[in-house]
Amino acid sequence: AALRDIPEIPNPRQSKRPLIFAVLGIVLGAWFIYLGETNPNISLFLIGITMIPFAIAAITNWFGINNRWVLTLVGLFVLVVWAMPTAQFEALFGDMGDGGIELFLLSGIAMVAASTLIIMQHMDLLLKVVQLAGNRVKGWLASVRLGVSYPKSNGGRSGMTIAMFSLIVFS
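What you see is a predicted model; the values in this text were computed from it and never measured. (Residues numbered from 1 in each chain as written. Predicted model: local features only at pLDDT ≥ 70, side-chain atom pairs only at ≥ 80, totals over all residues. Heavy atoms only, no water.)

## Things to note about the overall build of the chain
Next up, step 1: What the chain contains, in helices and strands, is 8 helices and 0 strands.
Next up, step 2: Tracing the chain from N to C terminus, the helices and strands come up as α-α-α-α-α-α-α-α.
Next up, step 3: The C-alpha atoms of the chain give a radius of gyration of 20 Å, which is well past the 16 Å a tight globule of 171 residues would have.
Next up, step 4: Considering only C-alpha atoms, the chain reaches an extent of 60 × 45 × 25 Å along its principal axes.
Next up, step 5: The proportion of buried residues among the 171 residues of the chain is 31%.
Next up, step 6: Long-range pairs, those at least 24 residues apart, make up 66% of the contacts in the chain between residues at least 6 apart in sequence. (Helix = DSSP H or I, 4+ residues; strand = E, 2+ residues; numbered from the N terminus. Rg over C-alpha atoms; globule rule 2.2 N^0.38 Å. Buried < 20%, exposed > 50% of the residue type's maximum accessible area, 1.4 Å probe, protein only. Contact = heavy atoms within 4.5 Å.)

## Description of the packing of helix H7 (residues 141-153) against helix H8 (residues 155-170)
Next up, step 1: Where H7 meets H8, the closest approach of the two axes is 5 Å, and the angle between their N-to-C directions is 105°. Judged by the angle between their axes, H7 and H8 are roughly perpendicular. Residues Tyr-150, Pro-151, Lys-152 and Ser-153 of H7 touch H8, and the partners they reach there are Gly-155, Arg-157 and Ser-158.
Next up, step 2: Looking at the contact of H7 with H8 residue by residue, the classes come out as 2 nonpolar, 3 polar and 2 charged. (Axes fitted to C-alpha atoms, helices over the stretch in contact; angles between N-to-C directions. Parallel < 35°, antiparallel > 145°, perpendicular 65-115°, else oblique. Nonpolar A, V, L, I, M, F, W, Y, C, P; charged D, E, K, R; others polar.)

## Let's talk about the nonpolar core
Next up, step 1: Core analysis: the largest hydrophobic core is formed by 22 residues, its most contacted members being Ile-42, Phe-45, Leu-46, Ile-49, Val-78, Trp-82 and Phe-89.
Next up, step 2: Taken together, the elements giving at least two residues each to this core come down to helix H2 (42-62), helix H3 (67-83) and helix H5 (101-121).
Next up, step 3: With 7 residues, the single largest contributor to this core is H3. (Core = buried A, V, L, I, M, F, W, Y, C linked by side-chain atoms within 4.5 Å.)

## Concerning the layout of surface pockets
Next up, step 1: Space inside the largest pocket adds up to approximately 240 Å³.
Next up, step 2: Lining the largest pocket we find 15 residues, and of these Ile-42, Leu-46, Thr-86, Phe-89 and Leu-103 sit closest to its centre.
Next up, step 3: If you list the elements that add at least two residues to the lining of the largest pocket, you get H2, H3, helix H4 (86-93) and H5.
Next up, step 4: Top element by residues in the lining of the largest pocket is H4. It accounts for 3 residues.
Next up, step 5: Class assignment of the residues belonging to the lining of the largest pocket gives a composition of 8 nonpolar, 4 polar and 3 charged. (1 Å grid on protein atoms, 1.4 Å probe; cavity = no way out; pocket = protein on both sides within 12 Å on 5 of 7 lines; lining within 4 Å. Points joined across faces, edges and corners; volume = space filled by probe spheres on them.)

## Things to note about the packing of aromatic side chains
Next up, step 1: Scanning all chains against the criterion turns up 6 aromatic pairs.
Next up, step 2: A centroid spacing of 4.8 Å and a plane angle of 50° characterise the contact between Phe-89 and Phe-93, whose relative ring orientation is tilted. With Phe-89 and Phe-93 both in helix H4 and 4 residues apart, the pair spans about one turn of that helix.
Next up, step 3: Looking at Phe-89, the relative accessible area reads 6%, which means it is buried.
Next up, step 4: Phe-93 gets classed as partly exposed once you look at its relative accessible area, which sits at 28%.
Next up, step 5: Here a set of aromatic residues connected by ring pairs shows up, and it is made of Phe-45, Phe-89 and Phe-93. (Phe/Tyr/Trp six-rings, centres within 6.5 Å; stacked < 30°, edge-to-face > 60°.)

Treat this as a map of the structure, not an account of what it does.
Here is the structure:
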């Protein structure tokens, strides 16, 4: 189907492996949240609260629900949780103690993953804006068209490139 550029034939026997891993992700995330609350550890709590939305997104994907908006909501939720000021975080979740240097690393990875997720879900809108801006300047028209065509055709590769550059800049 990919070679002929035709729609894929739906497989009636879908593998249950992604669903099992997603349910395990929810259980593991809930366990991390529990550990983070009982022994005040903000890192464990935040790992758990980050794992659960991604696992829920995997479950909705398995059931065929529109993934674009689910993944956008997951990305926004993770960004809000990790970027929340300390006073608001403690007001919502209570005092979890202070995090060490591992919290800095975890926050960077989580925020880069969430941001990349949001960007890749709305890449078509972003590319339209870039193309409209590039069409205004006649000397840039060919360059903009060439620059916009690659991310459209290779979305997965573009997402990984954005994530890698973001992690490098973060580090």
